[in-house]
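Survey of secondary and tertiary structure
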Amino acid sequence: MDKPFELQFYECLNERCELPTSVKNRLARQQVGYEGHLDFINILRDNLPGHFVILNDIFYKLPYKFTQIDTILITVHAIYRFEVKNLLSEFTYKEGFWYRKGERLSRNFFTQVKRAGEIFEEIIQNDGLYFPVESQLVFINEDDTVKIFDQENVSPYLMRWELRSYLKKVVEDSRGGSMNPKEVAKYLMSKATEGHLVSEVMDKKLRALARSGILCENCDSWRVDVISRRYHILCKNCGRQEPKQRAVLRTICDYGVLYYEWPLTKSSVTEFIGEPSLEYIIKRTLRNYFELHSKGKASTYVNPAKRMKFAFKDEEFRYYSK
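Throughout what follows, the structure given in this document is the object of discussion. (Residues numbered from 1 in each chain as written. Predicted model: local features only at pLDDT ≥ 70, side-chain atom pairs only at ≥ 80, totals over all residues. Heavy atoms only, no water.)

Further remarks concern the overall build of the protein chain. Looking only at helices and strands, the protein chain has 10 helices and 15 strands in total. In the protein chain, buried positions account for 48% of the 322 residues. Across the protein chain, the fraction of contacts at a sequence separation of at least 24, relative to all contacts at a separation of at least 6, is 63%. Accessible area of the protein chain: about 17,700 Å², with a carbon and sulfur share of 47%. Charge-centre separation for the protein chain: the mean point of 50 positive side chains lies 7 Å from the mean point of 44 negative side chains. (Helix = DSSP H or I, 4+ residues; strand = E, 2+ residues; numbered from the N terminus. Buried < 20%, exposed > 50% of the residue type's maximum accessible area, 1.4 Å probe, protein only. Contact = heavy atoms within 4.5 Å. Areas by Shrake-Rupley, 256 points an atom, 1.4 Å probe, with all protein chains shown as cover. Lys, Arg positive; Asp, Glu negative; His and termini not counted. Charge placed at Lys NZ, Arg CZ, Asp CG, Glu CD.)

Here it is in structure tokens:
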């Protein structure tokens, strides 16, 4: 499963500049959330038949409101919507409020789930369609960190230890269903929108601080030598050698994440990489790896807005890092 775009964006920034403490804390929470979400997906795959369809990190938008849904499970019987929380510290819910280590929070996980469900169902109903939909808030942490003392005004929720029995019931309920999971998934994806929910103000302020150029894939150092070796770049900090083509592709992808709203051009990418000796490799990499958007004096290429390990996860290179 790809990392959410926002997480890729801030991880990329974190490698290229010193983030404010508030943003670092936010990044840490997102990383923990992603790990919990991965854990949840593995549990689904281990306990569900292969013909069910799982969609992850989906965004839906209506006028003046939008929502992000962690996971949608489509069976032959119904659609199941999951919001996954990986809460590592002590959380409690009582008298209508959430508390973390005794401090009351302004956000309410149950309210968030309810609002997301309303938007999701409104989108479907606007097309005059009806699908059985069930929503669950999942607390995925293995440790018993969440205590819910008040059962009023709560959305349906599951603790980690309840997941397998719940999924067993999902499979049992699906017997005799007539929905086509792949067709329903195709419809739901057609209603989704791109999920680039990075704050524009924060985006521009932090991007201005980001260091350009090729960073070492191993230690994130900018002290790299791109000239002394024919096929590799050399990190002067840790000694890592990475194939030049791989380093260029990786850096183009990082540029595409940081400047996700722009198409890729040879001139902009070359300026960002800042190594004249790599101009031919940059040109060849754009031509071989990226879809042409428009051809002309300054050709533009489609920006996938994903880091290399997600955009080209199965790519093999002629030379290896060493």
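A word on the pattern of salt bridges. Should their charged atoms come close, side chains of opposite charge can pair. Per the counting criterion, the structure on display carries 21 salt bridges. Among the salt bridges present, the one from Glu183 reaches Lys186, with a minimum N-O distance of 3.6 Å. Residue Glu183 and its partner Lys186 are located together in helix 5 (residues 181-190), separated by three residues, close to a single helical turn. Assessed through its relative accessible area of 55%, Lys186 is described here as exposed. The salt bridge partner of Glu217 is Arg246, with a shortest N-O separation of 2.5 Å. In this pair, Glu217 is assigned in the loop between helix 6 (200-207) and strand 10 (224-225) and Arg246 in helix 7 (residues 244-258), connecting sequence segments 29 residues apart. (Salt bridge = Lys/Arg side-chain N within 4 Å of Asp/Glu carboxyl O.)

Core analysis: the largest hydrophobic core is formed by 45 residues, its most contacted members being Leu13 and Phe290. Where this core is concerned, the elements lending two or more residues are helix 1 (5-16), helix 2 (21-47), strand 11 (232-235), helix 7, helix 8 (266-273), helix 9 (279-289) and helix 10 (308-311). Per element, the largest residue contribution to this core is eight residues, and it comes from helix 7. (Core = buried A, V, L, I, M, F, W, Y, C linked by side-chain atoms within 4.5 Å.)

This part is about the pairing of strand 5 (residues 97-100). As paired elements, strand 4 (residues 91-94) and strand 5 share four bridges and run antiparallel to each other. Residue Phe91 lies in a different strand from strand 5, and its bridge partner there is Arg100. The hairpin turn running from strand 4 into strand 5, its antiparallel successor, is two residues long, and Glu95 in that turn takes a positive phi close to 55 degrees. By the bridge criterion, two bridges tie strand 5 to strand 6 (residues 103-104) in an arrangement that is antiparallel. If you follow Arg100 over to strand 6, its bridge partner there is Glu103. In this structure, the hairpin formed by strand 5 and strand 6 is closed by a connection of two residues, where Lys101 is found at a positive phi of approximately 50 degrees. (Pairing = 2+ DSSP bridges.)

Another point: the packing of helix 1 against helix 7. Helix 7 packs onto helix 1 with a crossing angle of 115 degrees between their chain directions and a minimal axis gap of 9 Å. Viewed along their axes, helix 1 and helix 7 adopt a mutual orientation that is roughly perpendicular. When the axes of helix 1 and helix 7 are compared, the crossing they make is left-handed. For the pair helix 1 and helix 7, the contacting residues are Phe5, Gln8, Phe9, Cys12, Leu13, Glu15 and Arg16 in the first and Thr251, Asp254, Val257 and Leu258 in the second. Counted by class, the contact of helix 1 with helix 7 contains six nonpolar, two polar and three charged residues. (Axes fitted to C-alpha atoms, helices over the stretch in contact; angles between N-to-C directions. Parallel < 35°, antiparallel > 145°, perpendicular 65-115°, else oblique. Left-handed = near helix turned anticlockwise from the far one by under 90°. Nonpolar A, V, L, I, M, F, W, Y, C, P; charged D, E, K, R; others polar.)

To continue, consider the packing of aromatic side chains. For any pair of aromatic rings, geometry is given as the distance between the ring centres together with the angle between the planes. A full pass over the atoms with the stated rule returns 23 aromatic pairs. Judged by centre distance (4.9 Å) and plane angle (85 degrees), the rings of Tyr93 and Phe110 are edge-to-face. One end of the pair, Tyr93, is in strand 4; the other, Phe110, is in helix 3 (residues 109-126), with 17 residues separating them in the sequence. On the basis of relative accessible area, Tyr93 is assigned to the buried category, the value being 1%. (Phe/Tyr/Trp six-rings, centres within 6.5 Å; stacked < 30°, edge-to-face > 60°.)

On to helix 9. Three or more residues of helix 9 are buried, namely Ile281, Ile282, Thr285, Leu286 and Tyr289. Down the axis of helix 9, the sector holding all buried residues measures 135 degrees, keeping them to one side. Those residues of helix 9 that are buried are in contact with helix 7, strand 13 (264-265), helix 8 and strand 15 (300-301). (Arc of directions from axis to C-beta.)

With that settled, the discussion passes to helix 5. For helix 5, the complete set of buried residues consists of Pro181, Val184, Ala185, Tyr187 and Leu188. For helix 5, the buried positions fall inside an angular range of 160 degrees around the axis, keeping them on one side. Structural note: helix 5 exposes Lys182, Lys186 and Ser190 on the side pointing more than 90 degrees away from its buried face. Each element contacted by the buried residues of helix 5 is listed here: strand 1 (53-62), strand 2 (65-74), strand 3 (79-85) and helix 3. You can read the cap of helix 5 off the contacts: a side-chain oxygen lies 3.1 Å from the backbone nitrogen of Lys182, and it is on Asn180. (Polar contact = N/O pair within 3.5 Å; in protein donor to acceptor, adjacent residues only side chain to side chain.)

Turning our eyes to something else, we now look at the sheet that holds strand 15. Spatial strand order, 13-15-14: three strands in an open sheet with antiparallel pairing. Both edges of this open sheet fall to strand 13 and strand 14 (292-294), since each of them pairs with a single strand only. Pairing between strand 13 and strand 15: two bridges, direction antiparallel. What sits directly across from Leu264, in strand 15, is Tyr301.

As a packed pair, helix 2 and helix 4 (residues 163-173) sit with axes 10 Å apart at the nearest point and diverge in direction by 45 degrees. The angle between the axes of helix 2 and helix 4 places the two elements in the oblique class. For the crossing formed where helix 2 meets helix 4, the hand is right-handed. Seen from helix 2, the contacting residues are Phe40, Ile43, Leu44 and Asn47; seen from helix 4, they are Leu163, Arg164, Leu167 and Val171.

Structural measurements only, silent on function.
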